[in-house]
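Notes for the structure review
Listed here are the chains, written in short residue letters.
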Amino acid sequence: MMSEFLAHLLGERLVRRDGAEVDVPSLGDRVSLLALYFGCSQSGPCRQFTGSLCEFYSHFRRASEHKDELEVVFVSSDQEHKRWLDFVQEMPWPAVHFKDKRRKMKLWNKYRVTSVPSLVFVDAATGRVVCRNGLLVVQDDPEGLEFPWGPKPFAEVVAGPLLKNTGQTVDSSSLDGTYVGVYFSAHWCPPCRTLTRALLQSYHRVREAGQQLEIVFVSADRSEDSFKQYFSEMPWLAVPYSDQARRSRLNRLYGIHGIPTLILLDTEGQVITRQGRIEVLNDPACKRFPWHPQPVMKLSETNAAQLHEGPCLVLFVDAEEECELQPAQQLIQPIAEELLAIHKAKEEDTPLLFFVAGEDDMSDSLRDYTNLPEAAPLLTILDMSARAKYMCDVDEITPTVVKQFVSDFLEEKLKPEPI
């Protein structure tokens, strides 16, 4: 039942600014869409967005025929109760209790929230993400006319003319039947320019190998002149800079919160990976194109940022060469594949990423940062956002041990140690 699911997700009670409690199961009788607002009182952008969200919420509750089907819930990262309480006073919607820190952290991890403010629309019956970038919903649809803001097919969102850097245009239907990289980038961003250089090499290499690949540049430049200068370096297509509405719809479709981001789509327009940036940098020879997600990754400088996207299982082993990591990778691969498949069937992100780490500077830095022992092999789960670690203290690491360790973590049976 939906009410049972909501209680599992949010707890039995939420709290309003006047101190009154909201019975969560009762929300399930009317609410079909939850807008989870992740924020912090000390963030200037959060305070600014809260005002915009209040206007959006008030108008929706007053004028929309779906007014009773949407509820906003605030999920705070505040550490001081007084600051949290003062911020909640500005909000006409309920919040997760300040003291319920464990539940708040679970929500931040479940929905891969890495920055504030974030507004994530989720189906109230299943918790499935409907829209990752609710900030753009508030900006683009202030009247709430597009409720429930669910994902649309890429072909529909991108529909229209696309630019070549010669000034000519082609229709977006020319993308049909090809792999497409949707590239969110800007000239003012140094990591973007670095990725563009690498992506140029990959683009030519893949096409020379006979694969059908096209890139669509979605600019975050601050002026049309900057866009034109940057796009002149690119041999692929772009959404016209003047078409701000289409650029914003693409940002909303893929929940873009930072650049550079490269989303790779299959020939049917379905997402293969959101981690195109990492794939391009890790696989310059494009041997793994079209870069279907790897259940187990070798920890490296280019993918280490993913450690901050949610809980990660890391198996540290005594190995310096990549080939020496293969036995460790094969040991945990079936468990990772099974978990990936279960959550893919539910249209959810996997709740745990899997890494193997050898003897190198990256692994040493991670051990130092998380205060892990030098032992190898060492089986751990690291939750950077919660600043928590879990270690599996066994004489021998076997598939059965790994599976039980993962199961115990997901069922919240393990006791965390601070990082």
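Residues numbered from 1 in each chain as written. Predicted model: local features only at pLDDT ≥ 70, side-chain atom pairs only at ≥ 80, totals over all residues. Heavy atoms only, no water.

In this structure, the second largest pocket spans a volume of roughly 580 Å³. The set of elements that each furnish at least two residues to the lining of the second largest pocket consists of α6 (134–140), β10 (213–219) and α10 (244–253). If you tally residues by element for the lining of the second largest pocket, the top one is α10, at four residues. Along the lines of polarity and charge, the residues of the lining of the second largest pocket split into 11 nonpolar, eight polar and two charged. (1 Å grid on protein atoms, 1.4 Å probe; cavity = no way out; pocket = protein on both sides within 12 Å on 5 of 7 lines; lining within 4 Å. Points joined across faces, edges and corners; volume = space filled by probe spheres on them. Helix = DSSP H or I, 4+ residues; strand = E, 2+ residues; numbered from the N terminus. Nonpolar A, V, L, I, M, F, W, Y, C, P; charged D, E, K, R; others polar.)

Before going further, it helps to spend a moment on the sheet that holds strand β19 (residues 417–418). As summarised here, the arrangement of the six strands in space is β14-β16-β15-β17-β18-β19, forming an open sheet in which the pairing is mixed. Two strands lie at the open edges of the sheet, namely β14 (296–298) and β19, each paired on one side alone. Strand direction decides the pairing type here: strand β18 (residues 388–392) and β19, joined by two bridges, are antiparallel. Across the sheet, the residue bridging to Ala388 is Pro418, located in β19. Where helix α12 (residues 326–345) meets the sheet, it contacts β14, β15 (312–316) and β16 (353–357), and its direction lies at approximately 175° from that of β16. (Pairing = 2+ DSSP bridges. Contact = heavy atoms within 4.5 Å. Axes fitted to C-alpha atoms, helices over the stretch in contact; angles between N-to-C directions.)

Moving on, we come to the sheet that holds strand β4 (residues 70–76). Read across the open sheet, the four strands follow the order β4-β3-β5-β6; overall the sheet is mixed. In this open sheet, the two strands that pair with only one neighbour each are β4 and β6 (129–131). Ignoring strand direction, the axes of neighbouring strands in this sheet form an average angle of 35°. Both strand β3 (residues 33–39) and β4 contribute to a ladder of seven bridges, which runs parallel. Looking at the pairing, Leu36 lines up with Val73 of β4. Together, β3 and β4 form the strand contacts of helix α5 (residues 101–110), whose direction differs from that of β4 by roughly 110°.

The side chains of a regular strand alternate, first on one face of the sheet and then on the other. Among the five residues of β16, five are classified as buried, and the element is accordingly described as predominantly covered. Residues Leu353, Phe355 and Ala357 line one face of β16 and the alternating positions Phe354 and Val356 line the opposite face, and both faces are buried. With three bridges joining them, β14 and β16 adopt parallel strand pairing. If you follow Met297 over to β16, its bridge partner there is Phe355. As paired elements, β15 and β16 share five bridges and run parallel to each other. Bridge assignment links Leu313 to a residue of β16, and that residue is Phe354. Read as a crossover between parallel neighbours, the route from β15 over α12 to β16 is right-handed. (Buried < 20%, exposed > 50% of the residue type's maximum accessible area, 1.4 Å probe, protein only. Right-handed = clockwise from strand over helix to strand, strands pointing away.)

Right, let's talk about helix α14 (residues 399–410) for a bit. In a regular helix each residue adds 1.5 Å, so 12 residues correspond to 16 Å; α14 covers 17 Å between its end C-alpha atoms and thus fits that length. Three or more residues of α14 are buried, namely Val402, Phe405, Val406, Asp408 and Phe409. The arc that holds the buried residues of α14, viewed along the axis, is 165°, so those residues lie on one side. Looking at the packing, one finds that the buried side of α14 touches β15, α12, β16, β17 (378–383) and β18. Directly after α14, the chain includes Glu412, whose backbone phi takes a positive value near 60°. (Expected span 1.5 Å × (residues − 1). Arc of directions from axis to C-beta.)

Turning to its location among the elements, Val113 is positioned in the loop between α5 and β5 (118–123). On the basis of relative accessibility, which here comes to 9%, the residue Val113 falls in the buried class. It is 19 Å that separates the C-alpha atoms of Val113 and Gly150, two residues lying 37 residues apart in sequence. Contacts of Val113, omitting those with residues within four sequence positions, involve Phe38, Trp108, Ser118 and Val120.

Read these as geometric descriptors, not functional statements.
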